[in-house]
Amino acid sequence: MTQQGAALQNYNNELVKCIEDLCQKREELCQQIQQEEEEKQRLQNEVRQLTEKLARVNENLARKIASRNEFDRTIAETEAAYLKILESSQTLLSVLKREAGNLTKATASDQKSSGGKDS
């Protein structure tokens, strides 16, 4: 029976060693899980912060695009009004030149008919 007792003791020792190994592996796994949960929490915080930052950037961008569109509209209206002023100035100049020419002709005719004498 001593052999059976020794065999039983060997089995018991191996069983205890296997249980200890399993417990050690479990503990290592628990540490890995804890590290990954901390990493997950850190990443979730980063994602939240980046999402908030993206929202702020999108809001600023939308405001700036709206301002740029307003600038574009104002510039286009101003350029159109300026072109109308240029056209009106050109028309006014043409009318003024024509009238000045007519006045010059009329004055020259008056001077010829009066003999070039001033009254």
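Quick notes on the rules
Residues numbered from 1 in each chain as written. Predicted model: local features only at pLDDT ≥ 70, side-chain atom pairs only at ≥ 80, totals over all residues. Heavy atoms only, no water. Helix = DSSP H or I, 4+ residues; strand = E, 2+ residues; numbered from the N terminus. Rg over C-alpha atoms; globule rule 2.2 N^0.38 Å. Buried < 20%, exposed > 50% of the residue type's maximum accessible area, 1.4 Å probe, protein only. Areas by Shrake-Rupley, 256 points an atom, 1.4 Å probe, with all protein chains shown as cover. Lys, Arg positive; Asp, Glu negative; His and termini not counted. Charge placed at Lys NZ, Arg CZ, Asp CG, Glu CD. UniProt positions renumbered as here; feature names shortened; annotations may be inferred. Patch = residues over 30% accessible without salt bridge, like charges linked within 9 Å, V, L, I, M, F, W, Y side chains within 5 Å. Salt bridge = Lys/Arg side-chain N within 4 Å of Asp/Glu carboxyl O. Disulfide = S-S within 2.5 Å.

The chain appears in an unreviewed UniProt entry as Sjoegren syndrome nuclear autoantigen 1 from Heterocephalus glaber.

A. Region of interest: the overall build of the chain. Broken down by element type, the chain carries 1 helix and 0 strands. A compact globule built from 119 residues would reach a C-alpha radius of gyration of about 14 Å, whereas the chain, at 50 Å, exceeds it by more than 25%. Dimensions of the chain, computed from the C-alpha atoms along their principal axes, are close to 165 × 20 × 15 Å. Going through the 119 residues of the chain one by one, you find that 0% of them count as buried. Accessible area for the chain stands at about 11200 Å²; split by element, carbon and sulfur atoms hold 58% of it. Between the centroid of the 18 positive side chains of the chain and the centroid of its 20 negative side chains there is a distance of 14 Å.

B. Representation of the UniProt feature "coiled-coil region" (unreviewed entry) in the chain in the model. Residues given the UniProt feature "coiled-coil region" (unreviewed entry) here are residues 19-67. Counting secondary structure, residues 19-67 comes out at 100% helix and 0% strand; the distance between its end C-alpha atoms is 71 Å.

C. Geometry of a nonpolar patch on the surface. On the surface, Tyr-82, Leu-83 and Leu-86 cluster together to form a nonpolar patch covering roughly 320 Å² of accessible area. Mapping Leu-86 onto the fold places it in helix 1 (residues 2-113).

D. Representation of the pattern of salt bridges in the model. Throughout the structure, instances matching the rule amount to 6 salt bridges. Across the pair Arg-48 and Glu-52 runs a salt bridge whose closest N-O atoms are separated by 3.4 Å. On the criterion of helical spacing, the pair formed by Arg-48 and Glu-52 is a turn pair, its members being 4 residues apart in helix 1. Here Glu-70 and Arg-73 are joined by a salt bridge, their closest N and O atoms 2.3 Å apart. Highlighted residues: Glu-70 and Arg-73, both in helix 1, separated by 3 residues, approximately one helical turn.

E. Layout of the state of the cysteines. Enumeration over the complete set of coordinates arrives at 0 disulfides. For Cys-23, which is in no disulfide, the shortest distance to another cysteine sulfur is to Cys-30 and amounts to 10 Å.

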